[in-house]
Structures are given as C-alpha cells and as structure tokens.
Amino acid sequence: MKQVAIIGAGIAGLVCARELKKFKYKVTLFEKSRSLGGRCATRKWNSHIVDHGLQYFTLSNEEIHKNVKYLCYSRIGLLDKAIVDLQGAEWQPDEKKYYHLDGNNRIGKALAQGLDIRMESPITTLQPITSKWRVNDHSFDYVVSSVPFPQLNNFIPLEPSLQIRFEPCLTALFSYEGLPQNMSADIYGIIDTSNTSIISWSACENHKTNRIPLDETVFVVHASEKFSREYLETSSDAYLPHLQRELENTWQLSPTKQKNSFSHRWRFARSTDPYSLPNAQLPENFFVCGDSIVKSRFEDVWLSGLQAAYLLIAKDQQTEIPFVDKQIITT
C-alpha cells in the first residue's frame, strides 16, 4: 500500500485525503494547529458561536452540495439576509449563502472522520530521500502540500515571484448589549468594494440561527489588506479601537453599548492572485492543492483537493486524470 503525507488539514487537504483513501492509499495528515478546516474556523466566545474565518460558503457545484449535505446531515442553514456595499447596493443578490448551524468548523471535523491526522504536528523535516520523501520521522511515497506558498517555501525553495502571494487579515469580534434599534434586520453583511475603508467586511452573526443570545449582538470584522499589513505585528490594543469606531460608524452602533472584543491574526488569509504551478516546477512525487493555486473560496479549494488526489493517482497508476469541474477550479 502506497503511503501519502498531506501537509495541512484545511478543506483542500482533508478532501484530498478522503479521495486518496477511497483508492486504498495510506494517508497521514500533518496539522500544526489544534483545529481542523483551516480558515473554515469557528470560535466559542463567551456564550457565542462565531465564524471568525470563512463567514459563509456557496454550494453551486452539485457534487460538493451533495457531499456537504451527506457529511453534515441537516445542519446546513441558508443565510437569506442581504450583503450590501457601503452605498447600500445589494452585492451578488442571486448567490445562495450557506453556513453550518453549529459552526463552519464542523465541516472540517466531518471531513476528518476516519482519517489519520497528527494534530499539533508542525513540519520539521521535508526532504526527498532516493525515491521516497522524509516527513518529520516518517517515510512516504508521495507528499501533498495544502499550505500557503510562503510556508512551503521554508522547505522547498520556490521562485521569488511565488514568495509574496498571501495577504494577512486582522479579524475582530465585537459584542453589544441588546439589538440596535436602527440596524436593518434585512442586512447580514457590509462589504467594501471600493477599498476606501479600514474594514473590508463586517457581518452580524445574529442572523445565524441559535448562535447569539437574544440580549446581545455580535459582529465579525475583517480589516482591509492595507490596515492588516500596517498593524499585523502590533498589539490588539493598537488596532481594535480603530476597527470599533469604523464598525460603529458603518452600522450606526452606540459605543456605550459595546461589551467585549476579541482579535485574531490570519497571517495568510487569502492569495491575491492564485498561481498556476506547472508540474515541472515541483519535485518528483510532490503535489500542491489549496488556495495557493486556486481562489480562496470554499468550493475552489475543495475541488483543488480532488484535483491533487487525481493527479497523484494518475501518476502512480499511469492512468488518465478523472474529470474535475473546470468551471470552478480557477488555476
């Protein structure tokens, strides 16, 4: 039985592992953190359940839709509230927005069932040895990396143009007493499409069923790329007041009602321009998936995990690559 190491247990890595397991490969995932699903992340904060990474996801691909429904049973909800821009115009009104009722991180947990995952296992060794790969203290026939290129570059030198490909994102959570009277009940999120605000995205988590107690309101804030770069290495005390004021101006909130705040740094939040990596640039028996090579969207990274699995299978078994929906994969 061929052995495969997958670096990173985000959505792409987990999907890749599940597909390879179907084809009887022995798969081991290495995840450096204590959580699964990567930026498909949820935090239990005070008495709240808040998605502080991926806010929602689409299920336009029929096979992904079917798989998510199967994995999560009846726990997928539909967000029927609008997203508007700073001028109040509705943004992508025809897009169906889904979320997991118990937290979007549950999708990663569902995908992980039955897989061999080494949690809190950062990569210390990654090197080819004859026809094998050494990953930490183990030997594998193949390696699949789902981590951002800047992290991969620590082990496998990539050309300079690939080394600065991800933008950071400072994320903040703010809670307020009660439900603001002047807040529109029809608006879930506000997006800055003009890149003029220090906040690129803000959303009210109260619109997700049974997430927030009735006597509080919770907002998720994603800072702009420029603001995030500027304050990335500072303490949260340096940037949270700026984000709070901008949030309150945008949503017309009273600062006297603000209760608690929390911050999180996403150092590699999204790829600015996914890179189509030719196979010739990769070492032998090494494959890549995730949002280094596709857009940082749920369905794109899911399909990139499938594509990496099929490329590996095609090479190993000398067969043609199975079909993957090219309308969503955007390399």
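Small disclaimer: the values here were computed from a predicted structure and weren't measured.

About the thresholds
- Residues numbered from 1 in each chain as written.
- Predicted model: local features only at pLDDT ≥ 70, side-chain atom pairs only at ≥ 80, totals over all residues.
- Heavy atoms only, no water.
- Pairing = 2+ DSSP bridges.
- Helix = DSSP H or I, 4+ residues; strand = E, 2+ residues; numbered from the N terminus.
- Axes fitted to C-alpha atoms, helices over the stretch in contact; angles between N-to-C directions.
- Contact = heavy atoms within 4.5 Å.
- Buried < 20%, exposed > 50% of the residue type's maximum accessible area, 1.4 Å probe, protein only.
- Polar contact = N/O pair within 3.5 Å; in protein donor to acceptor, adjacent residues only side chain to side chain.
- Parallel < 35°, antiparallel > 145°, perpendicular 65-115°, else oblique.
- Nonpolar A, V, L, I, M, F, W, Y, C, P; charged D, E, K, R; others polar.

Visitor: I would appreciate a short explanation of the sheet that holds strand 17 (residues 258–271) in the present structure.
Guide: The strands making up a sheet associate through hydrogen bonds between their backbones, and the pairing can be parallel or antiparallel. Reading across the sheet, the six strands line up as 6-14-15-16-13-17 and stay open at both edges, with mixed pairing between neighbours. Looking along the sheet, the strands with just one partner apiece sit at the ends: strand 6 (82–85) and strand 17. Neighbour-to-neighbour, the strand axes of the sheet open up by a mean angle of 20°, direction not taken into account. Relative to strand 15 (residues 199–204), strand 14 (residues 187–191) is paired through three bridges, and the arrangement is antiparallel. Within the sheet, the bridge partner assigned to I190 lies in strand 15 and is S202. Sitting on the sheet, helix 6 (residues 236–251) is in contact with strand 13 (166–177), strand 14, strand 15, strand 16 (216–223) and strand 17, with an inclination near 65° to strand 13.

Visitor: Can you walk me through the environment of N104 in this structure?
Guide: Relative to the helices and strands, N104 resides in the loop between strand 7 (97–100) and helix 3 (105–112). Residue N104 is classed as buried on the basis of its relative accessible area of 0%. Measuring from C-alpha to C-alpha, the distance between N104 and N249 comes to 28 Å, with 145 residues separating the pair along the chain. If we skip the residues at most four places from it in the chain, N104 touches C40, T42, D51, L54, Q55, Y56, F57, Y99, K208 and R211. Within the structure, the side chain of N104 is placed 3.0 Å from the backbone oxygen of L54, a separation counted as a polar contact.

Visitor: Whenever I open this one, the packing of helix 2 (residues 62–72) against helix 7 (residues 298–317) confuses me. Can you help?
Guide: Two measures define how a pair of helices packs: the angle their axes make with one another and the distance between the axes. Interaxial distance between helix 2 and helix 7 falls to 11 Å at its minimum, and their mutual angle equals 95°. Taken together, the axes of helix 2 and helix 7 are roughly perpendicular relative to one another. Counting all contacts with helix 2, which are made through I64, N67, V68 and L71, the residues of helix 7 involved are F298, E299, W302 and L303. Partitioned by chemical class, the residues of the contact of helix 2 with helix 7 number six nonpolar, one polar and one charged.

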